[in-house]
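Report on the structure
In case you want the letters, here they are:
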Amino acid sequence: MNIAGGSILIEVNNISKTFKLSKKQMALDGTKNKFKLAVDNVSFKAVPGEIYGLLGPNGAGKTTTLRCISTLIKQDKGSITVDGSDSVRNSRDVRRKLCLLTNELKVDPNFTADYLFSFFGRLHGMDDNVINNRREILFNEFGIKEFADVKTSDMSSGMKQKLSIAISLVHDPQVVIFDEPTNGLDIITARAVMDYLKKLRDNGKTVVISTHIMTVAEKLCDKIGLIIEGRIAAEGTLDSLLEETKASDLDDAFFEIYKRSREKKHEE
Amino acid sequence: MRNNIFTILKKELKRVFLDKKLAFAVFIMPGLTIALIYSFMGGMIDKIGDDAREHIPVVHTINMPMEFRDTASAIYGTGMVIIENDVTEKEIIIQNIAEGKADVLVIFEGNFIDKVKDELPAVARYTNSIKDFSVSGGYMVDSVLETMRKSILTERLGSIKAAEVFVINREDVAKAEEKAGKAISMLLPMLLTVFLFAGAMQVGMDIIAGEKERGTIATMLLTPVKRGHIAIGKMLSLAIVSLASCLSSLAGVIISLPFSKTMFGGGFNIADLSYGVSDFLFMVIQMAAMALSFVSIICLLSALARNIKEAGGYIMPAYMVIMIASMSTMFMKPEGLWSYMIPIYGNILNIKDILTFGYTHRTGIIGLVSTMIFAAVMVWMMVRTFYNERIMKTS
C-alpha cells in the first residue's frame, strides 16, 4: 500500500549478499560452511512520505540490506535504485540522496560539533550559506546549539548520538535510513528520535528503518517487511499483517510468520 | 575533486595542529630531543677524549734503560709518570692494568742498550684495550720508543738521513667544505630517512587504522566523495606532517652540531659547511619524494589493519627495512646509475651526494622518478583497499 501515494523512491529488487566467514566466525556460528548467505533474494519498495520498517531478529539480514542500499557494501545479485540512481553504477548519486544513521557511526573525538557539521557539509558539496542554514535548523531540532563549540571527546554519548544524526542529515537527504533507531538510547532521546522520524515522513521524506523491537515497528512504521534468515517472509501494513495471521498484536503476528517460514524452509 | 581532497587534507592537518600534545610530540619533541641527546652524546665523546688527553699515564717499567726516561721526559716532560719495577712485580702490575689501577707496563730485555748494538732485543708493552687511559698511555709509550729507535739508528749510522730512505709529505687536496661535507654525510642521510619515516608513522597509524577502530571512517565513506579522494587527502596531509616533523629533527641536528660534531666524525669546521639555497632545495625535493613513499606505505598498511595495534605490527617490519636501507648507505658506495633507480635508496644516495657536493641532476631525476613510480603503485594499492569492503569494514 502506498500511504503517501508518491512515486517509488527506493526499489530493492531480488538482492542477495553472501559473506565469507573467518575461522573464528565459523566457530561462533557452529558451521563448517565458509560462506554465509546474509540476504537472500530480498525485494521491497519504499515511497515518499512513508516509514518502511524491516523487522526481524538479530542476524536476520536487516543491517546488511540497509548497508547495501546506502552503498557501504555491494550486493552480489539483484539491484537497488534510489530515486532512479543505481546503487552500484551511480553510488555517489545515491549517497547524495540518502543518509544512513546507525549507532555504529561515531563522531571524530578531536573536533567540535560546529567543525564536524561544516566539514561534512563541504564533503556533500554544500556552500557555507547553505551549511549555516542547515546548522540552524538541525542544531535547534536536536538541542546541539549549547554544545556546538565543545569537542566531541568531552560530550556524553547522548550528545554524540544527536550530533551524529545531525551530521548525517546535513545535506537534507530525500531518503533517511536508520539502523535500529532506538538502540542504546535513553527513553527521552529514543522518543525524540522517533518523533523526528515521523516529522521527516510528514515532510515527504522516505524513511527506512530496521528494528527488532515490535513496539517501535508498531508505533512508527507505515509498512513492515518481516525479514527472517535473509528473506522477506511477509510484508504489509500493521493491519494487513494482523489480519493475515489472525493475531492480536505484532508480536504474535511475527511468531506466526516465523513459524510458517521455518516450516516452509523445512519443506524446501 | 581537488576541493574534496583539500577539505580532507585540511581536516587531518587541523587534527594534528589542534591537539597541542600531539603537535608538540610531532613537531617540537623530535627536534628538541635530538638537539639535547646529540649535544649530550657529543659532549660525552669530547669529554672522553679530553680526559684521555689530560690524564697523566703511569708507565711501569722493568729493566728500563736511562735512554727511555730521557726520551720520555724530552717529549712529554712531566706528562708521563715512569716507575721502575723489579721483574718479580710483573704479574702484580699486569693484574693492576687489567683492573684499571695501572696504565702501561714496558719490559725491556736486560742490558737493553748493550744488546741493541749487535742483537735484536725485544720490548714488551702491556696495555688494556678496554681502558681508555691505558690505550692512550700505550700510544704515548709507542711514540717514546719510536723516537728512541730513531735516536739509536742515528747514533749507529752517523746521521738521521742514513737511517731514513725517503720522507713522505702527505698532502690532502680535498677542500675544507668537502671534508666537512663527507663527515656530515656519514650519518645525516640515515638520520633524515629514519626521522621521515618515524614522523609519518606516529600520526599515520591513527589517521586510517585509528578511524577504522573508532568507527569514524564510515561517516566519511557515506558522503558522495570518492573513496580514492578520501585516501589521497589523508595521505597528503600525512606527507606534510612527516616532512614538517623531519625538518624539526633536522633543526635539532643543526642546533646540536657545535656540540656533537665529534659524533659525525669530527675533524671539520662547521663554518666550512657552505651549502647554497639550491642544495637545500634539492635536498627537500628528495626528502619530499621519500615522504610520499613512506606515507603511502604507512597508509596502505594502516588501511589493511583493523586497529592501531595491528597497524603497528604491520608497519614495524617496513620501518626496519627502511632503516637497513638507510644504514647501508653509510658503508656502501653507489655502484653505477642503477643504484639510484632503487626507490628510496636512490633518494638517500642523492642526499648524500648533495651533502658531499657531488650531486648531479641526472642521478637526482633518476632517484625522484623511481621513487615516484613506487609511491604511485603504493597509492594505487591503497586506493584499492579503500574500495575493498572486506578490508574497509565499517562496523
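Residues numbered from 1 in each chain as written. Chains lettered and ligands numbered in written order. Predicted model: local features only at pLDDT ≥ 70, side-chain atom pairs only at ≥ 80, totals over all residues.

Okay, the overall build of chain A next. Each helix and strand in chain A was counted, giving ten helices and ten strands. For chain A, whose C-alpha radius of gyration is 19 Å, the value lies close to the compact-globule estimate of 18 Å for 268 residues. Its C-alpha atoms give chain A principal-axis dimensions of roughly 60 × 45 × 35 Å. When burial is assessed residue by residue, chain A has 43% of its 268 residues classed as buried. Sequence-distant contacts, at least 24 apart, represent 69% of the contacts inside chain A between residues at least 6 apart. (Helix = DSSP H or I, 4+ residues; strand = E, 2+ residues; numbered from the N terminus. Rg over C-alpha atoms; globule rule 2.2 N^0.38 Å. Buried ≥ 20, exposed ≤ 12 C-beta atoms within 10 Å, placed from the backbone. Contact = placed C-beta atoms within 7 Å.)

For the rest of this paragraph, the subject is the overall build of chain B. Counting its secondary structure elements, chain B contains 14 helices and four strands. Here the C-alpha radius of gyration of chain B, 30 Å, is well above what a compact globule of 395 residues would show, namely 21 Å. Each principal axis of the C-alpha atoms in chain B carries an extent, and together these give about 100 × 45 × 30 Å. Taking all 395 residues of chain B together, 38% fall into the buried category. Counted over contacts in chain B with a minimum sequence separation of 6, partners at least 24 positions apart contribute 77%.

Should the pLDDT be low somewhere, the predicted coordinates at that spot are not to be read in detail. Residues and elements named next belong to chain A. Per-residue confidence for chain A gives a mean pLDDT of 89, with 97% of residues at or over 70. Summarising per-element confidence for chain A, the mean pLDDT is lowest in helix α1 (residues 23–29) (82) and highest in strand β4 (residues 77–82) (96). Between residues 1–5, whose pLDDT stays under 50, and residues either more than four places distant or in other chains, the model counts ten contacts. (pLDDT = per-residue confidence, 0-100.)

A separate point is the pairing of strand β8 (residues 206–211) of chain A. Residues and elements named next belong to chain A. In terms of residue burial, β8 counts as a mostly covered element, since six of its six residues are buried. Here β8 shows a buried face lined by Thr206, Val208 and Ser210 and a second buried face lined by Val207, Ile209 and Thr211. Looking at chain direction, strand β3 (residues 50–55) and β8 are connected through six bridges and run parallel. Bridge pairing links tyrosine 52 to valine 208 in β8. Bridge count between strand β7 (residues 175–179) and β8: five bridges; the pairing is parallel. Bridge pairing in β8 links valine 176 to valine 207. Running through helix α7 (residues 187–202), the crossover from β7 to the neighbouring parallel element β8 is right-handed. (Pairing = 2+ DSSP bridges. Right-handed = clockwise from strand over helix to strand, strands pointing away.)

Take unusual backbone geometry next. The backbone of Thr71(A) shows a phi angle near 70 degrees, a positive value even though the residue is not glycine. One can find Thr71(A) in the loop between α2 (62–69) and β4. What makes Thr71(A) buried here is the crowd of 23 C-beta atoms within 10 Å. Even without being glycine, Asn111(B) reaches a positive phi, approximately 50 degrees. With 12 C-beta atoms packed within 10 Å, Asn111(B) lands in the exposed category.

Nonpolar side chains in soluble globular proteins tend to be buried together. By size, the foremost hydrophobic cluster in this structure holds 146 residues, and its most contacted members are Ile177(A) and Ala200(B). The element that contributes the greatest number of residues to this core is helix α11 (residues 277–304) of chain B, accounting for 15 residues. When near neighbours in sequence (up to four residues on either side) are disregarded, Ile177(A) contacts Leu66(A), Ile69(A), Ser70(A), Leu98(A), Cys99(A), Leu100(A), Leu101(A) and Val208(A). Listed in part, the 16 residues of the second largest apolar core include Phe68(B), Val104(B), Ile107(B) and Met148(B). (Core = buried A, V, L, I, M, F, W, Y, C linked by C-beta atoms within 7 Å.)

For the rest of this paragraph, the subject is the interface of chain B and chain A. By a frequent convention, interface size equals the accessible area lost on bringing the separate parts together. Listed as interface residues are 20 residues of chain B and, on the opposing side, 21 residues of chain A. Secondary structure elements with two or more residues in the side of chain B that touches chain A: α1 (2–18) and α9 (217–221) of chain B. Looking at the side of chain B that touches chain A, the element that brings in the most residues is α1(B), giving five residues. Grouping the constituent residues of the side of chain B that touches chain A by class yields six nonpolar, eight polar and six charged. (Nonpolar A, V, L, I, M, F, W, Y, C, P; charged D, E, K, R; others polar.)

Glancing now at the environment of Val116(B). Residues and elements named next belong to chain B. As for its placement among the helices and strands, valine 116 is situated in helix α5 (residues 112–118). As a C-alpha pair, valine 116 and glycine 204 span 88 residues in sequence and 73 Å in three-dimensional space. Filtering out sequence-adjacent residues up to four positions away, valine 116 remains in contact with Pro121 and Ile152.

Residue and element names in this part refer to chain B. Per-residue confidence for chain B gives a mean pLDDT of 88, with 98% of residues at or over 70. Between the elements of chain B, mean pLDDT differs from a low of 76, seen in helix α7 (residues 160–163), to a high of 96, seen in strand β3 (residues 104–108). Across the assembled chains, the prediction reports ipTM 0.87 with pTM 0.79.

Turning next to the sheet that holds strand β6 (residues 98–102) of chain A. All names here are of chain A. Strand order across the open sheet formed by six strands is β6-β7-β8-β3-β9-β10, with mixed pairing between neighbours. The open sheet has two edge strands with one neighbour each: β6 and β10 (231–236). With strand direction ignored, the average angle separating the axes of adjacent strands in the sheet is 15 degrees. Sheet analysis places strand β9 (residues 223–228) next to β10, joined by five bridges and oriented antiparallel. In the strand pairing of β10, isoleucine 224 is matched with glycine 236. Across the sheet, helix α9 (residues 238–245) touches β9 and β10, and the angle it forms with β10 is around 105 degrees. (Axes fitted to C-alpha atoms, helices over the stretch in contact; angles between N-to-C directions.)

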